[in-house]
Protein chains: 2
Amino acid sequence: MSQPAVLAFDVFGTVVDWYRPVCAEVRRHCPQVDADAFTLAWRAGYQPAMRRVMSGELPWMTVDELHLLILRELLQRFQVDGLEEETIARLNGVWHRLDPWPDSVEGLRRLKSKYMICTLSNGNIGLLANMARHAGLPWDCILSAEIFRAYKPDPATYLGVAGIFRLAPGEVMMVAAHQDDLAAARACGLKTAYIERPEEYGPRRPKDVSDNGLNTFHAGSLVSLADMLGV
Amino acid sequence: MSQPAVLAFDVFGTVVDWYRPVCAEVRRHCPQVDADAFTLAWRAGYQPAMRRVMSGELPWMTVDELHLLILRELLQRFQVDGLEEETIARLNGVWHRLDPWPDSVEGLRRLKSKYMICTLSNGNIGLLANMARHAGLPWDCILSAEIFRAYKPDPATYLGVAGIFRLAPGEVMMVAAHQDDLAAARACGLKTAYIERPEEYGPRRPKDVSDNGLNTFHAGSLVSLADMLGV
């Protein structure tokens, strides 16, 4: 097998845990709501909101703006009244302060020793850069939907990574904990690596992380992917 | 004085030395030419080429493509015949393999301990990411003309950095060894720091690095800027 030159990482869920930090921040600012349900609804609102942008129903927005749009709807739906604008902004900013999975920093450092490692996330650049500082993620380069003006799974994003580095699609490997992301990358000719994150939706809601046999690699963690790649 | 939150760095000449590595690579592949003259002509061709893009005379190009366009003209002008395409590509790639000034890596590490540090260069993202790996530059984030589809000194680039981080222009400080770059940043409301690089055009061609009194800081090196900022 030819080696990839660049590893492009999905971030939310793959490199960082969003469930626990968002839950904790919701609990802090809105003690009266079911933080688990609120957190899952916030995350679940993300895909439909992006689809509304991509269909042209909404203008181009960063994920920060989408998160805020969804948050305002949820505050109404969960009947949270009277939060100050500063608190709402602080709560929305929790997506900048997510924590790495225990293996992420070591795994990325090892992979970086041989490969160019970049993000390919729908998160905006500022969000991803703040998160990298918070979580100690040693990216070579932050690539985002914001650069390509298209969200994953639009082919413009996967092919955009190859274009940035003047590589053929097969020289880029998409790394993600989501089979739909990887399927779209594969359709563009990228290599793919699936990372098992059984607790993405919280410790009490295990996710199916079985091997579908379609990816170049299937790994239990980023450290395990580094082992498989011999770095 | 209010503190900046983000430091945006010019790269060619400010953080890395282009003269020596380019001269050496020209000497290696074209031993028959005056490498000093060839190197200066290559760099001098860069501004007019960007102006042709910004005026619409040429389509949008990355700096890699501009460097190649200028290189082909220079090979003709300096009567270098018969270089293979692979050698031309290798020679053009020297701009990805520039060396940091002796103080750059330490200075950036210290500045990064308190500030978000990003590039704001006309170089394309792939070039800057390769250079960061080659030279050990610990950027939080690589921002480039390629993202804003405009070259410095277009205001879209300076204001673009503030926009990426949702900051007021005065919360961003442009760091550069070039007064024209800093003047354009200042006109957009950014803070500015001038870095003295007297040998930018080679050790035998000292550059005027005197303080014009207009910048927020005037420093002899990136380490000296870190001292001034107390980090």
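For every chain, the first residue of the written sequence is number 1, and numbering continues from 1 onward in sequence order. Starting at A for chains and at 1 for ligands, labels are handed out in the order in which the entities are written. Per-residue local features are limited, in this predicted model, to residues with pLDDT of at least 70; the limit for side-chain atom pairs, both in listing and counting, is 80 or more; totals at the level of whole chains, interfaces and linings are taken over all residues. Side-chain calculation: all heavy atoms of the structure are included, whereas hydrogens and water are not.

### Remarks on the domain arrangement of chain A
Residues and elements named next belong to chain A.
Here is step 1: Residue ranges for the domains trace back to a domain assignment, done automatically or taken from a database. You can read the domains of chain A as domain 1 (6–17 + 99–228) and domain 2 (19–96).
Here is step 2: Centre-to-centre, using C-alpha coordinates, domain 1 lies 23 Å away from domain 2.
Here is step 3: Taken together, the 25 residues of domain 1 in the interface contact 18 residues of domain 2.
Here is step 4: Defined here as a combined quantity, buried area equals the accessible surface (1.4 Å probe) lost by two parts on assembly, summed across both. A combined buried area of about 2,000 Å² lies between domain 1 and domain 2, and 57% of that area is made up of carbon and sulfur atoms.
Here is step 5: A pair is scored as a salt bridge if a Lys or Arg side-chain nitrogen falls within 4 Å of a carboxyl oxygen belonging to Asp or Glu. At the junction of domain 1 and domain 2, the tally comes to 4 salt bridges.
Here is step 6: One salt bridge in this structure joins Asp17 and Arg20, with 2.9 Å as the shortest N-O distance.
Here is step 7: We define a polar contact as two N or O atoms separated by no more than 3.5 Å, with the added condition that, inside protein, one atom must be a possible hydrogen donor and the other a possible acceptor, whereas residues neighbouring each other in sequence contribute only through side-chain atom pairs. For the pair domain 1 and domain 2, the number of links is 9 residue pairs in polar contact (both at pLDDT 80 or more).
Here is step 8: What counts as a helix is a DSSP run of H or I of at least four residues, what counts as a strand is a run of E of at least two, and both are numbered from the N terminus. Elements that contribute at least two residues to the side of domain 1 that touches domain 2 include exactly helix H7 (125–135) and helix H8 (145–148).
Here is step 9: A per-element tally of the side of domain 1 that touches domain 2 places H7 first, with 5 residues. Residue contacts are defined here by distance: any two heavy atoms, one from each residue, within 4.5 Å place the two residues in contact.

### What about the relation of the copies chain A and chain B?
Here is step 1: C-alpha atoms of residues with pLDDT of at least 70 in both copies form the basis for the least-squares superposition of the copies. Each copy of the sequence occupies a distinct position, and chain A is placed on chain B by a rotation of 180° and an axial shift of 0.0 Å, giving an RMSD of 0.0 Å. Read as a symmetry element, the transformation amounts to a two-fold axis.
Here is step 2: Looking at the interface residues of chain A, 100% of them are also at the interface in chain B, so both copies use one shared face.

### Here we look at the packing of helix H1 (residues 19–29) of chain B against helix H5 (residues 85–92) of chain B
Residue and element names in this part refer to chain B.
Here is step 1: Under this scheme, a helix contributes an axis fitted over its contacting stretch, all axes are lines through C-alpha atoms, and angles between N-to-C directions fall in the 0 to 180 degree range. Between H1 and H5, the shortest axis-to-axis distance is 10 Å and the interhelical angle comes to 165°. Of the possible angle classes, the one that applies to H1 and H5 is roughly antiparallel. Crossing handedness for the pair H1 and H5: right-handed. Contacts between H1 and H5 involve Glu25, Val26 and His29 from the former and Thr87, Arg90 and Leu91 from the latter.
Here is step 2: Of the residues assigned to the contact of H1 with H5, the class counts are 2 nonpolar, 2 polar and 2 charged. Note that the term roughly parallel is reserved for angles under 35 degrees, roughly antiparallel for angles over 145, roughly perpendicular for angles of 65 to 115, and oblique for everything else. Crossings are classed by handedness, with left-handed meaning an anticlockwise turn of the near helix from the far one by less than a right angle and right-handed meaning a clockwise turn. Classification convention: Asp, Glu, Lys, Arg as charged; Ala, Val, Leu, Ile, Met, Phe, Trp, Tyr, Cys, Pro as nonpolar; all other residues, Gly among them, as polar.

### Some thoughts on the sheet that holds strand E4 (residues 116–121) of chain A
Here is step 1: Two strands pair if DSSP finds at least two bridges between them. Overall, parallel pairing links the 6 strands, which are arranged E5-E4-E1-E6-E7-E8 (chain A) in an open sheet. The sheet is open, and its two borders are formed by strand E5 (141–144) and strand E8 (217–219) of chain A, each paired with just one other strand. Neighbour to neighbour, the strand axes of the sheet diverge by 25° on average, direction disregarded.
Here is step 2: The strands touched by helix H7 (residues 125–135) of chain B are E4 and E5 of chain A; relative to E4 of chain A, the strand with the most contacts, the crossing angle is about 140°.

### So, the sheet that holds strand E4 (residues 116–121) of chain B
Here is step 1: Strand order across the open sheet formed by 6 strands is E5-E4-E1-E6-E7-E8 (chain B), with parallel pairing between neighbours. What marks the edges here is a single partner per strand, and that holds for strand E5 (141–144) and strand E8 (217–219) of chain B. The mean inter-strand angle of the sheet, taken between neighbouring strand axes irrespective of direction, is 25°.
Here is step 2: In the sheet, strand E1 (residues 6–9) of chain B pairs with strand E6 (residues 172–176) of chain B via 4 bridges, with the strands oriented parallel. When the sheet's bridge partners are listed, Ala8 of chain B is paired in E6 of chain B with Met174 of chain B.
Here is step 3: H7 of chain A contacts E4 and E5 of chain B of the sheet and is inclined by roughly 140° relative to E4 of chain B.

### Describing the interface of chain A and chain B
Many authors give the size of an interface as the accessible area that is lost as the parts come together.
Here is step 1: Counting residues at the interface gives 24 residues for chain A and 24 residues for chain B.
Here is step 2: Across the chain A to chain B interface the summed buried area is about 1,600 Å²; carbon plus sulfur atoms make up 57%.
Here is step 3: On the chain A side of the interface with chain B, the three residues burying the most area are Arg133, Ile164 and Arg166 of chain A, jointly 33% of the side's total.
Here is step 4: The interface formed by chain A and chain B holds 6 salt bridges in total.
Here is step 5: The residue Arg166 of chain A makes a salt bridge to Glu65 of chain B at a minimum N-O spacing of 3.7 Å.
Here is step 6: Between the two partners, chain A and chain B, sit 6 residue pairs in polar contact (both at pLDDT 80 or more).
Here is step 7: Looking at the side of chain A that touches chain B, the elements that each hand over two or more residues are helix H4 (63–77), E4, H7, E5 and H8 of chain A.
Here is step 8: If you tally residues by element for the side of chain A that touches chain B, the top one is H7 of chain A, at 5 residues.
Here is step 9: Split by residue class, the side of chain A that touches chain B holds 12 nonpolar, 4 polar and 8 charged.

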